[in-house]
Amino acid sequence: MDEYGNSGEGRATRRDEAVRAAVEQGLLGPDSPIVGLLDVTGIRESAAELRAAFAEVTAPGTPVLHAFAVKATPLVPVLRLLREEGIGAEVASPGELALARAAGLSPDRTVLDSPAKTPAELREALALGIAVNADNPQELDRIDGLVRSAVSRSPLGIRVNPQVGGGSIGATSTATATSKFGVALRDEGAREWVVRAYLDRPWLSRLHAHTGSQGIPLSLMAQGVAETYALAEEINRRIGRPQIDTIDIGGGLPVNFASDATAPTYAEYARALREAVPGLFDGRYGLVTEFGRSLLAKHGTIVARVEYAKSAGGRSVAVTHAGVQVATRTVYVPGSWPLRITAYDGKGRPKSGPEVVQDVAGPACFAGDLLAEGRALPLLDQGDYAAALDTGAYYFAHHYAYNSLARPGVYGFVPDRATGVRFATVRDPQTLASIVAESGGAHAGALTTLHTPGSR
Ligand SMILES: *Cc1c(COP(=O)(O)O)cnc(C)c1O
């Protein structure tokens, strides 16, 4: 354990207190049976750990921008909190850019990546001065046109796929031979094309790779960074000057979903990178990072009320309000995305008692809607609460509208001397009126009044 308490004990204590206080203060109850909770203290600690980890390995004065991958937790107050902690934003759609701007992120702290940028998106990014990494030759053509027609302060680069291979989860492996992202560096002629692209464009100053997310071992991530660095060195050597001045190493640090401990840590990753690629840290290159999951995952908790406790075929089943709508990956691909579940009683106190193998089910109308199948937990009873841990990234912030289930409210919390825990609303629970509006409510008659002329 280090000064940041990476065993996660403090985090577990804060979480238990928050669940109890959420019940006590009425955020959770029969009429609001599901919430997302965010541990503000934990988020600040992770941001500080990230900054410290790279400060430790880089030469003094090296510019480092940590750009949070907005897709991990696309919530404006979270982006604002991270901004206050010195973290920028990596965006990959007009929506994410709008969130970053709403949070007050400045263009010079924002990076635009995405495999499908439209001409309008590119024009806006260059007009604002946001850094852009071109995904492919066709996109670079579009950028050429924009650079010719107007001056821009945007730092511009190319994303490459070092094709170093995948990890244990196919869907989050971005450096396979056939990944859709970036210029596939080992394909015939690709490396030479990239070098030429820089030789022909003195304004290309960055190089970007993101080797993958959850499931990628540190050694493979380091290899992806090493290949990217070697390419930057080759390009600068061929050009005869340090035209590439910044390397964007992407994000992807895996998260430990098995316990409260933070593992691996940013410090471990930064040291592994310095060992594998010492030249990257000697001060000749500025750095951009794009961590998402590792900054937020462990600071989020979904808490859901057990509406009914039943038994089927000898199996105990707790029917809760958290399922596929808030834990989509876990429900559809449980083998790759298992979540820890903790049991709380009706007052929000940790439940004890003998463990019983049970299913923790969600509210959606299909049999596979299970947060956990055959999990040993103190027996969940009607009116208890089940919490899905480590869900601060890619879970409750990513609502999936199956069964028109409402987006739950999201609340940030901090310990508080007077009340035990103080909450702030991050996102209001979705109203039924909003569900109707988002489901074409304003166009109720649209189809009945649409008929072939002359047919009626
Ligand atoms: C998703 C993504 C990230 C963040 O990945 P995490 O695993 O959440 O750290 C960073 N960069 C790019 C380009 C991405 O697509």
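As the structure is a prediction and not an experimental result, all values here were calculated from the model. (Residues numbered from 1 in each chain as written. Predicted model: local features only at pLDDT ≥ 70, side-chain atom pairs only at ≥ 80, totals over all residues. Heavy atoms only, no water.)

### Overview of the pairing of strand 1 (residues 34-39)
With six of its six residues buried, strand 1 lies for the most part within the structure. Where burial is concerned, the two faces of strand 1 agree: the one with I34, G36 and L38 and the one with V35, L37 and D39 are both buried. Direction of pairing for strand 1 relative to strand 11 (residues 300-312): antiparallel, over a ladder of five bridges. Looking at the pairing, L37 lines up with T301 of strand 11. Sheet topology places strand 1 next to strand 17 (residues 409-416); five bridges connect them, and they run parallel. For V35, the partnering residue across the bridge sits in strand 17 and is G409. (Buried < 20%, exposed > 50% of the residue type's maximum accessible area, 1.4 Å probe, protein only. Helix = DSSP H or I, 4+ residues; strand = E, 2+ residues; numbered from the N terminus. Pairing = 2+ DSSP bridges.)

### A short note on the site of the ligand
Around the ligand, the surrounding shell holds 15 residues, and the nearest of these are K71, S213, G252, E290 and Y394. Taking G252, its main chain carries an N or O atom lying 2.8 Å from an oxygen atom of the ligand. Contact between the ligand and R293: an oxygen atom at 2.8 Å from a main-chain N or O atom of the residue. For the ligand, the accessible surface in isolation is 390 Å², of which the surrounding protein chains cover 94%. Along the lines of polarity and charge, the residues of the shell around the ligand split into three nonpolar, six polar and six charged. (Near = heavy atom within 4 Å. Polar contact = N/O pair within 3.5 Å; in protein donor to acceptor, adjacent residues only side chain to side chain. Areas by Shrake-Rupley, 256 points an atom, 1.4 Å probe, with all protein chains shown as cover. Nonpolar A, V, L, I, M, F, W, Y, C, P; charged D, E, K, R; others polar.)

### A look at the packing of helix 4 (residues 94-102) against helix 5 (residues 119-128)
Here helix 4 crosses helix 5 at 25°, and the two axes come no closer than 11 Å. The angle between helix 4 and helix 5 places the two elements in the roughly parallel class. Seen along the crossing, helix 4 lies across helix 5 with a hand that is left-handed. Taking contact as the criterion, the partners of P94, L97 and R101 in helix 4 are, on helix 5, E121, E124 and L128. (Axes fitted to C-alpha atoms, helices over the stretch in contact; angles between N-to-C directions. Parallel < 35°, antiparallel > 145°, perpendicular 65-115°, else oblique. Left-handed = near helix turned anticlockwise from the far one by under 90°. Contact = heavy atoms within 4.5 Å.)

### Let's talk about the domain arrangement of the protein chain
The domains assigned to the protein chain are domain 1 (8-39 + 298-433) and domain 2 (40-296). When each unit is reduced to the centre of its C-alpha atoms, the spacing between domain 1 and domain 2 is 33 Å. At the junction of the two partners, domain 1 supplies 30 residues and domain 2 supplies 27 residues. At the boundary of domain 1 with domain 2, total buried surface from both sides reaches about 2,300 Å², with 57% on carbon and sulfur atoms. Summed over the shared surface of domain 1 and domain 2, the result is three salt bridges. Of the charged contacts, one joins R340 and D260 as a salt bridge, the two residues approaching to 3.0 Å between their closest N and O atoms. Counting only elements with at least two residues in the side of domain 1 that touches domain 2, the list comes to helix 1 (9-24), strand 1, strand 17 and strand 18 (420-427). Grouping the constituent residues of the side of domain 1 that touches domain 2 by class yields 14 nonpolar, seven polar and nine charged. (Domains from an automatic or database assignment. Buried area = accessible area lost by both parts, 1.4 Å probe. Salt bridge = Lys/Arg side-chain N within 4 Å of Asp/Glu carboxyl O.)

### A short note on the side chain of N133
Counting through the fold element by element, N133 comes out in strand 5 (residues 131-134). Overall, N133 belongs to the buried group, its relative accessible area being 3%. A polar contact is formed between the side chain of N133 and the side chain of D113, at a distance of 2.8 Å. In contact with N133, other than residues within four places in its own chain, are V111, L112, D113, K117, E139, G157, I158, R159, R206, H208, D248 and E290.

### Here we look at the nonpolar core
With 104 residues, the main nonpolar core has L38, F54, L280 and L296 as its most contacted residues. Ranked by the residues each element gives to this core, the list is headed by helix 8 (residues 218-239), at eight residues. For this core, the two domains that each supply at least three residues are domain 1 (8-39 + 298-433) and domain 2 (40-296). One finds A22, L28, Y344 and Y385 within the second-largest nonpolar core, a separate group that totals 18 residues. (Core = buried A, V, L, I, M, F, W, Y, C linked by side-chain atoms within 4.5 Å.)

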